[in-house]
Amino acid sequence: MSLPPMNMPRGVTPISHDIYNLHMITLYICCAIGVAVFAVLFYTLIKHRRSQGAKAASFHGNTLVEIIWTTIPILILVALAIPATIVLSRIHNTDKSKLNIKITGYQWKWGYEYLDQGIKFLSNLSTPQAQIDGVEKKDLHFLQEVDHPMVVPINQKIRLLVTSDDVIHDWWVPELGLKQDAIPGYINENWIYVTKPGTYRGQCGELCGAQHGFMPIVVKAVTADQFKQWVKAHQPKKQGASV
Ligand SMILES: [Cu+2]
C-alpha cells in the first residue's frame, strides 16, 4: 500500500511553483524553530534539574532578553513577508494575457465563457447517480468528473475573471496554484500559465449549499494546435448565431 501524498502538489504553473516554494521556506523555518526550542527545553530539563542542585534563575524585567525575544520573531516575519509579497504581486499581475475566460459559479455547477472566441457552456458533474447512491462501483475520479471540462492551451498566459451568479463559490484547482473566490456582484481577476498538458481536477472551495461537494472543476490543458481545433469545433457560427 502506498502512502497518500503528504505535501501539497508542486503544480504545473509558475505561480503554483512560487506558492510551493513559499510553503517549503515557511515549513523549514518552522521546523528549525521547533528543533531549536525543543533542544533548549530538553537541555534545560536535563542539565538544570533539581536533583543536580540547580536553582531557578530569575529573568523578570531583563530588558536584554525581552529585546531579543521580540526582535528575532520580527526578523523572521519580515523574512517571510518579503517573498510572500513578491508572489502576491505576481499573482495579481494579469498583464499580457493572451486569452480571457470568465468563470461563473452557480448552485451547483460552473459556467465558462471564452470572451474572445464567443464560446460559452456549463460544466456539470457527470458522475452517475448510481455511484453516488453506492449502488455501482465508484470510478477512479468519483465526484471529480464533468460533462464539459474547461479547455485551455498550454504555454499561454490566460486571464481568468471569476464571479458568481448566486452565493459565494470558490474556484479551486490545486495543481494550477489557483484558489479564487467567486463572489456575486464582483469580478476577481487572476491568471494561469499551464506548462504541462494534462487533466487537472479541483472543486468548489467554499461551502455554498446542499450540493457543494457536487460541483467539481476539470481543466484540460492541450497544445496550441489542439486548442485551435477545439475552438473551431465549439465556436458558434458567425451569421446571426446566438450562443
Ligand atoms: Cu460552490
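In this text, all values refer to a predicted model and were calculated from it rather than measured experimentally. (Residues numbered from 1 in each chain as written. Predicted model: local features only at pLDDT ≥ 70, side-chain atom pairs only at ≥ 80, totals over all residues. Heavy atoms only, no water.)

K.L.:
An account of the environment of leucine 125 is needed here, citing residue identities and associated values.
P.N.:
For leucine 125, the location among the structural elements is in the loop between β3 (119-123) and α3 (129-132). We classify leucine 125 as partly exposed; its relative accessible area is 22%. Separated by 13 residues in sequence, leucine 125 and tyrosine 112 have C-alpha atoms that sit 14 Å apart. Setting aside its immediate chain neighbours within four residues, leucine 125 contacts Ile132, Leu143, Glu145, Val146, Phe214 and Pro216. (Helix = DSSP H or I, 4+ residues; strand = E, 2+ residues; numbered from the N terminus. Buried < 20%, exposed > 50% of the residue type's maximum accessible area, 1.4 Å probe, protein only. Contact = heavy atoms within 4.5 Å.)

K.L.:
So what's going on with unusual backbone geometry? Residues and values would help.
P.N.:
Negative phi values dominate among residues other than glycine, just as trans dominates among peptide bonds. The omega torsion across glutamine 107 and tryptophan 108 is 0 degrees, close enough to zero to call that bond cis. The topology assignment puts tryptophan 108 in the loop between β1 (99-106) and β2 (109-114). Of note in this structure, leucine 143 is not a glycine but carries a positive phi near 60 degrees.

K.L.:
Let's hear about the coordination of the copper ion: which residues, and what values?
P.N.:
Each protein donor to the copper ion is listed here as His169 (ND1), Cys204 (SG), Cys208 (SG) and Met215 (SD); together their distances run 2.1 to 2.7 Å. Taken together, the four donor atoms coordinating the copper ion span angles of 92 to 126 degrees at the metal, a pattern that classifies the geometry as tetrahedral. Linear spacing of the donor residues for the copper ion on their chain is H-x34-C-x3-C-x6-M. Residue histidine 169 is located in strand β6 (residues 169-173), and its partner cysteine 208 is located in the loop between β9 (198-204) and β10 (217-222); the two are separated by 39 residues in the primary sequence. Comparing histidine 169 with cysteine 208 shows no difference in burial state: the two are buried. (Donors = N, O, S within 2.8 Å, 3.2 Å for Na, K, Ca; no water. Tetrahedral: all angles 85-135°; square planar, octahedral: opposite > 155°, others 65-115°.)

K.L.:
Explain the packing of aromatic side chains to me, and be specific about the residues and the numbers.
P.N.:
Applying the stated criterion to the full structure yields seven aromatic pairs. Relative to phenylalanine 227, the ring of tyrosine 114 lies with its centre 6.3 Å away and its plane at 35 degrees, an arrangement referred to as tilted. Highlighted residues: tyrosine 114 in strand β2 and phenylalanine 227 in helix α4 (residues 224-234), separated in sequence by 113 residues. Note on tyrosine 114: relative accessible area 0%, which makes it buried. Phenylalanine 227 gets classed as buried once you look at its relative accessible area, which sits at 7%. With a centroid separation of 6.1 Å and 75 degrees between ring planes, the pair formed by phenylalanine 121 and tryptophan 230 is classed as edge-to-face. Linking phenylalanine 121 in strand β3 with tryptophan 230 in helix α4, this pair joins segments that are 109 residues apart in sequence. Of the residues examined, tryptophan 230 reaches a relative accessible area of 14% and is grouped as buried. Put simply, the rings of Tyr112, Tyr114, Phe121, Phe227 and Trp230 touch in pairs and so form one group of aromatic residues. Above the plane of the ring of phenylalanine 142 lies lysine 138, whose end atom (NZ or CZ) is 4.8 Å from the centre. (Phe/Tyr/Trp six-rings, centres within 6.5 Å; stacked < 30°, edge-to-face > 60°. Lys NZ or Arg CZ within 6 Å of the ring centre and 35° of its normal.)

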